[in-house]
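Chain residues, written in single-letter form:
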Amino acid sequence: MAQVEQLKLSGQLPTPRGVALAILKISQRENATLEAIARVVQTDPALSGRLIKLANTASYISRPVVSVQDVVARLGMATVRQLALGFSLVDQYRNGACQAFDYQRYWSHSLLMALGMQALGRRVHVADADELFVCGLLAQVGQLALATAYPDEYSAVLKAHHANPAQAIIVQERARLETDHIELGIVMMSDWGMPKIFTGPITHYEYPDKPSPPLDSRSNSLMLMLRLSHRLADLGLANAGMHLKLAQEWVALAKELDISQEDAWRFIDEVMASWREWGELLKIPAVALPSFAGICHGHHEAETETAAKSKTPLRIVVADGNAFTRRKAMALLAENSDHIVYPADNGNAALALAMEVLPHVIVAHCDLPLLNGMELCQALRTTDEGRRMHILLMADSHGEEHLTHAFEAGADGYMPSTISAKGLRTRLCAAQRLVQLQTAWEKDRTQLRRIAAELAVANRRLATAALTDLLTGLPNRRSAMDQLEQAWSATLRTGLPLSVMVIDIDHFKHINDSYGHAAGDTVLREAAATLRESARREDSVCRIGGEEFLVICPNTDLKSAIQSAERLRTNLGSKQIAIGEVEKNLTVSIGVATREPGTPDIDALVSTADQALYAAKAAGRNRTCTRQQSLFT
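This one's a predicted model, so the numbers in the text were calculated from it and none came from an experiment.

Notes on the overall build of the chain
Working step 1: A count of helical and extended segments in the chain gives 28 helices and twelve strands.
Working step 2: Residue burial in the chain is summarised as follows: out of 633 residues, 49% are buried.
Working step 3: Look at the contacts in the chain between residues 6 or more apart in sequence, and 67% of them connect residues 24 or more apart.
Working step 4: Surface summary for the chain: the accessible area is close to 30,600 Å², and the carbon and sulfur share equals 52%.

Here it is as structure tokens:
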């Protein structure tokens, strides 16, 4: 089983959750409707807002989109599904266990690629601009998948690539993981319903010097758009010293899409401005770059220094309709801490904010407007994400009855609105322990997945080794018998002929005795390579022991098998093999047999070919023989 298939079955690849998963399932139904999709989208305020923004950004219609129903109708079911999936992955995989993989940089790069594709789509009308946004966002998803499935191994791949950037990263990926990010990404996107018109160009755009199959004009345009968007994303994340060089390269490449230098200036500035807006919306880092003109004239703005990495603080939502007590609670939480605090003035806003930022802690007043604290707590506990949050309910009174109702609603704690800073910090200790436990659990889960993946790779390698002859690289006797059993079953079902050849190297013992076993091994390797190159594509060449080889010839009658055997013998006989300082011609004897109506099994078929081989040797070697000449008549 291929490595990609193993990964799909293992459940280790990035997958959508929540609303995105629900949309994916609904859209796969035969009776799926836009109304059903819109109802699901409306349950996620963050997704609704993002789709509305995208629809209004990409649209040339003067009337703006203001409702989810209009968005779904305008974008279409397939595009909404892909956008929901992409945004779901952004929210879920902001960090992970692969130490050498920069998750924030990955999403910044992917977002800029998405916006570049969308903007290019408005100029080159080969596909819908919103579909191109998704295509750009997921173009590199294979890298995220490898970092998720193989965190330690992919760290080693990235370190090796950084040490030798001249070598394509897919070389390291295939050497260590038996797959690469392009292959894996294509499989994932195909499974998610991405049209082939997009996945085809993604296969080739990263490596322009690599030969690719002929593509139609639309596919070539998409491949060039992907390449331009990728270069633009590289420019957005590059050091200031590289800006001018990368910008000039981008302008030169953009001419292939009839984008002039003057248009390129405006294009890059517009996409970069959009990148910063979307970065704020998705909470993805987006660097403020100088204008394109400023880059070209060497007026570089100072780069924003990356904040020093520190311990992840708690994300806390404070929901209180009273502005005074809300600000007081936020001040207590922010005092002498690195916690990130988000305010909400009513229950509906708190619920939407919770689904967007996925806080560790929610501090909610019981008397919230629109949706009170108890109802907010119950609503959150119905979601997978909400069950992971630590919820503290707050009230002006602090009786036993209120405490009981709070815990019945699913709260983790209850406190008076007059609580002190010390009391609040004490209650957050439980939330800190919960986050630590969740982190440890995720780490253990990741480690188990990694171990399972390593075992799968090891088992596959062992299975391959068990069926391969180590000296020649050909299938061994066990594999030969398995293949012959399958060919035998096929010929019984179809009635088509089946032939075999048994090949023996002439005077091989003399070579071993005269020149040593190392020379004998050389002869075996050279003979195996020649047989493999000379055999027909449908034939299987195996080493079954010593100097003997078996060739399985499905759908081949005796006459054709003898002709093929003679070609193999001639090619081997014309080959000179250097043994020390001596060059020797290699000759072989071949016995051929075909299944007859009375042949009982594969052992009898091989035995008949063996008898023919002995006849060839008895007749003077270096020839092909059969014991079934009657089949010619």
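Focus on a negative patch on the surface
Working step 1: Residues Asp482, Glu485, Asp601 and Asp603 make up a contiguous surface patch of negative charge.
Working step 2: Locating glutamate 485 in the fold gives a position in helix α24 (residues 477–494).

Considerations on a nonpolar patch on the surface
Working step 1: Judged by side-chain polarity, Leu448, Ile451 and Leu455 come together as a nonpolar surface patch covering roughly 290 Å² of accessible area.
Working step 2: Considering the arrangement of structural elements, one finds isoleucine 451 in helix α23 (residues 421–466).
Working step 3: Here isoleucine 451 falls in the partly exposed class, since its relative accessible area comes to 36%.

Here we look at the pattern of salt bridges
Working step 1: Scanning the entire structure with this criterion turns up twelve salt bridges.
Working step 2: For aspartate 539, the salt bridge identified is with arginine 536, shortest N-O distance 2.8 Å.
Working step 3: The partly exposed category is assigned to arginine 536, whose relative accessible area is 22%.

Side note on the layout of surface pockets
Summary: where empty space remains is shown by rolling a probe the size of a single water molecule over the atoms.
Working step 1: Considered as a void within the structure, the second largest pocket measures approximately 1,100 Å³ in volume.
Working step 2: Residue lining of the second largest pocket: 29 residues in total, with His109, Gln143, His161, His230 and Asp234 positioned closest to the centre.
Working step 3: Elements with a contribution of two residues or more to the lining of the second largest pocket: α7 (103–123), α10 (151–163), α14 (217–237) and α15 (243–254).
Working step 4: Looking at the lining of the second largest pocket element by element, the count peaks at five residues for α14.
Working step 5: In terms of residue class, the lining of the second largest pocket is built from 14 nonpolar, eight polar and seven charged.

Quick notes on the nonpolar core
Working step 1: In this structure, Leu51, Phe101, Trp107, Phe133, Tyr154, Met225 and Trp250 are the most contacted members of the largest nonpolar core, which totals 102 residues.
Working step 2: The biggest single contributor to this core is α7, with eleven residues.
Working step 3: When sequence neighbours within four positions are dropped, the list of residues in contact with tyrosine 154 reads Cys98, Phe101, Gln143, Leu146, Ala147, Ile169, Glu173 and Leu177.
Working step 4: Leu474, Met501, Ile505 and Ile577 belong to the second largest nonpolar core, which has 29 residues in total.

Re α14
Working step 1: With 21 residues, α14 extends 30 Å between its outermost C-alpha atoms, agreeing within 8% with the 30 Å of an ideal straight helix rising 1.5 Å per residue.
Working step 2: Among the 21 residues that make up α14, 16 are buried, leaving the element largely enclosed by the rest of the structure.

Description of the environment of threonine 464
Working step 1: Tracing the chain through its elements places threonine 464 in helix α23.
Working step 2: Judged by its relative accessible area of 46%, threonine 464 is partly exposed.
Working step 3: Taking the C-alpha atoms as reference, threonine 464 lies 9.7 Å from serine 479; in sequence the two are 15 residues apart.

Describing the environment of leucine 146
Working step 1: Inspection of the secondary structure assignment puts leucine 146 in helix α9 (residues 141–149).
Working step 2: Here leucine 146 falls in the buried class, since its relative accessible area comes to 0%.
Working step 3: Sequence separation between leucine 146 and phenylalanine 101 is 45 residues, and the spatial gap between their C-alpha atoms is 9.9 Å.
Working step 4: When sequence neighbours within four positions are dropped, the list of residues in contact with leucine 146 reads Pro151, Tyr154, Glu173, Leu177, Thr179, Asp180, His181 and Leu184.

With respect to the packing of aromatic side chains
Working step 1: If you walk through the whole model with that rule in mind, you get five aromatic pairs.
Working step 2: Here the aromatic rings of phenylalanine 101 and tyrosine 106 are separated by 5.5 Å at their centres, their planes lie at 45°, and the arrangement is tilted. An identical accessibility class is assigned to phenylalanine 101 and tyrosine 106; each is buried.
Working step 3: Aromatic pair tryptophan 250 and phenylalanine 267: ring centres 5.4 Å apart, planes at 20°, arrangement stacked. Of the two residues, tryptophan 250 sits in helix α15 while phenylalanine 267 sits in helix α16 (residues 261–282), which places them 17 residues apart along the sequence.
Working step 4: Here tryptophan 250 falls in the buried class, since its relative accessible area comes to 0%.
Working step 5: Taken together, the ring pairs connect Phe101, Tyr103, Tyr106, Trp107 and Tyr154 into an aromatic cluster.
Working step 6: A cation over a ring is seen here: arginine 595 above tryptophan 488, with NZ or CZ 5.8 Å from the ring centre.

Parameters and conventions
Residues numbered from 1 in each chain as written. Predicted model: local features only at pLDDT ≥ 70, side-chain atom pairs only at ≥ 80, totals over all residues. Heavy atoms only, no water. Helix = DSSP H or I, 4+ residues; strand = E, 2+ residues; numbered from the N terminus. Buried < 20%, exposed > 50% of the residue type's maximum accessible area, 1.4 Å probe, protein only. Contact = heavy atoms within 4.5 Å. Areas by Shrake-Rupley, 256 points an atom, 1.4 Å probe, with all protein chains shown as cover. Patch = residues over 30% accessible without salt bridge, like charges linked within 9 Å, V, L, I, M, F, W, Y side chains within 5 Å. Salt bridge = Lys/Arg side-chain N within 4 Å of Asp/Glu carboxyl O. Lys, Arg positive; Asp, Glu negative; His and termini not counted. Charge placed at Lys NZ, Arg CZ, Asp CG, Glu CD. 1 Å grid on protein atoms, 1.4 Å probe; cavity = no way out; pocket = protein on both sides within 12 Å on 5 of 7 lines; lining within 4 Å. Points joined across faces, edges and corners; volume = space filled by probe spheres on them. Nonpolar A, V, L, I, M, F, W, Y, C, P; charged D, E, K, R; others polar. Core = buried A, V, L, I, M, F, W, Y, C linked by side-chain atoms within 4.5 Å. Expected span 1.5 Å × (residues − 1). Phe/Tyr/Trp six-rings, centres within 6.5 Å; stacked < 30°, edge-to-face > 60°. Lys NZ or Arg CZ within 6 Å of the ring centre and 35° of its normal.

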